[in-house]
Amino acid sequence: FVMGTTGGDRKAMHDCVVTSSIPAVISPNMAKQIVGLMAMMEYAADNFPGLFNGYSLDVKESHQSWKADTSGTAKAMIGYFNRLGLNFTEDQIQMERDPEKQKKEWGVPEEYLDGHGWHTYTLDSADRTTRFAITHNISGREIYAEGTLDAVVYLKHKVDEGIRGRVYSMIDVLKNA
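Definitions and cut-offs
- Residues numbered from 1 in each chain as written.
- Predicted model: local features only at pLDDT ≥ 70, side-chain atom pairs only at ≥ 80, totals over all residues.
- Heavy atoms only, no water.
- Helix = DSSP H or I, 4+ residues; strand = E, 2+ residues; numbered from the N terminus.
- Contact = heavy atoms within 4.5 Å.
- Areas by Shrake-Rupley, 256 points an atom, 1.4 Å probe, with all protein chains shown as cover.
- Lys, Arg positive; Asp, Glu negative; His and termini not counted.
- Charge placed at Lys NZ, Arg CZ, Asp CG, Glu CD.
- Salt bridge = Lys/Arg side-chain N within 4 Å of Asp/Glu carboxyl O.
- Buried < 20%, exposed > 50% of the residue type's maximum accessible area, 1.4 Å probe, protein only.

Digging into the overall build of the protein
So, point 1. Assigned secondary structure in the protein consists of six helices and seven strands.
So, point 2. Listing the helices and strands of the protein from first to last along the sequence gives β-α-β-α-β-α-β-α-β-β-α-β-α.
So, point 3. Viewed in the frame of its principal axes, the protein has a C-alpha envelope of about 55 × 40 × 30 Å.
So, point 4. Within the protein, counting contacts between residues at least 6 apart in sequence, those at least 24 apart form 68% of the total.
So, point 5. Surface summary for the protein: the accessible area is close to 9,800 Å², and the carbon and sulfur share equals 53%.
So, point 6. The centroid of the 19 positive side-chain charges in the protein is displaced by 4 Å from the centroid of its 24 negative side-chain charges.

Some details on the pattern of salt bridges
So, point 1. Applying the stated criterion to the full structure yields 14 salt bridges.
So, point 2. The partner of Arg-83 in a salt bridge is Asp-46, with the nearest N and O atoms 2.0 Å apart. Of the two residues, Arg-83 sits in helix H3 (residues 72-83) while Asp-46 sits in helix H2 (residues 32-47), which places them 37 residues apart along the sequence.
So, point 3. The class for Arg-83 is partly exposed, based on a relative accessible area of 37%.
So, point 4. Owing to a relative accessible area of 46%, Asp-46 belongs among the partly exposed residues under this scheme.
So, point 5. A salt bridge links Arg-97 to Glu-61, with the shortest nitrogen-to-oxygen separation between them at 2.8 Å. With Arg-97 in the loop between strand E4 (94-96) and helix H4 (99-106) and Glu-61 in strand E3 (residues 56-63), the pair connects residues that are 36 residues apart, well separated along the chain.

Digging into the environment of Gly-140
So, point 1. Tracing the sequence through the fold places Gly-140 in the loop between strand E6 (131-139) and helix H5 (142-160).
So, point 2. By relative accessible area, which is 11% here, Gly-140 ends up buried.
So, point 3. In this structure, Gly-140 is in contact with Tyr-112, Gly-115 and His-116, ignoring residues within four places of it in sequence.

Some remarks on the environment of Asp-15
So, point 1. Relative to the assigned elements, Asp-15 resides in helix H1 (residues 10-18).
So, point 2. Asp-15 sits in the partly exposed class, given a relative accessible area of 32%.
So, point 3. Once the C-alpha coordinates of Asp-15 and Gly-165 are considered, the two residues, 150 residues apart in sequence, prove to be 9.1 Å apart.

Read these as layout, nothing more, since geometry by itself doesn't imply function.
Okay, here's the thing in structure tokens:
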């Protein structure tokens, strides 16, 4: 069982798996590279708290027009940035869902308006002499499908090992790739 979503009742999903006869990978994001970036951010937050004290943060994300909620990736990233010394709230995330603006202002190719996830995190020093930016632009669904397939292969090995009723994350998949 593989579940890749930011939605749903995490505890209920976990409880369902641990009482079942199957292992599962449950992750808010199936794109291995995004998961890896988030793991790097978590490492930085754990090891360098306050690194960006005094900096400001600007977060912009663009997704297909029918995505109603804020990006789970953006929410997770601001959590790491806050642990690095920033003071940023979810309601400060700038969300774009208008296809015309996505094409004209963001440069999202028209063929990916119905399936994209573009994010930019910009950090500026208080005196504006230093700027850091992290951008990840995903056009299409291929990267998520590749991660999902890797999760399936990972679980196949777990089934072959006789493992049942255990929940894994995409971090587990990455560590064993």
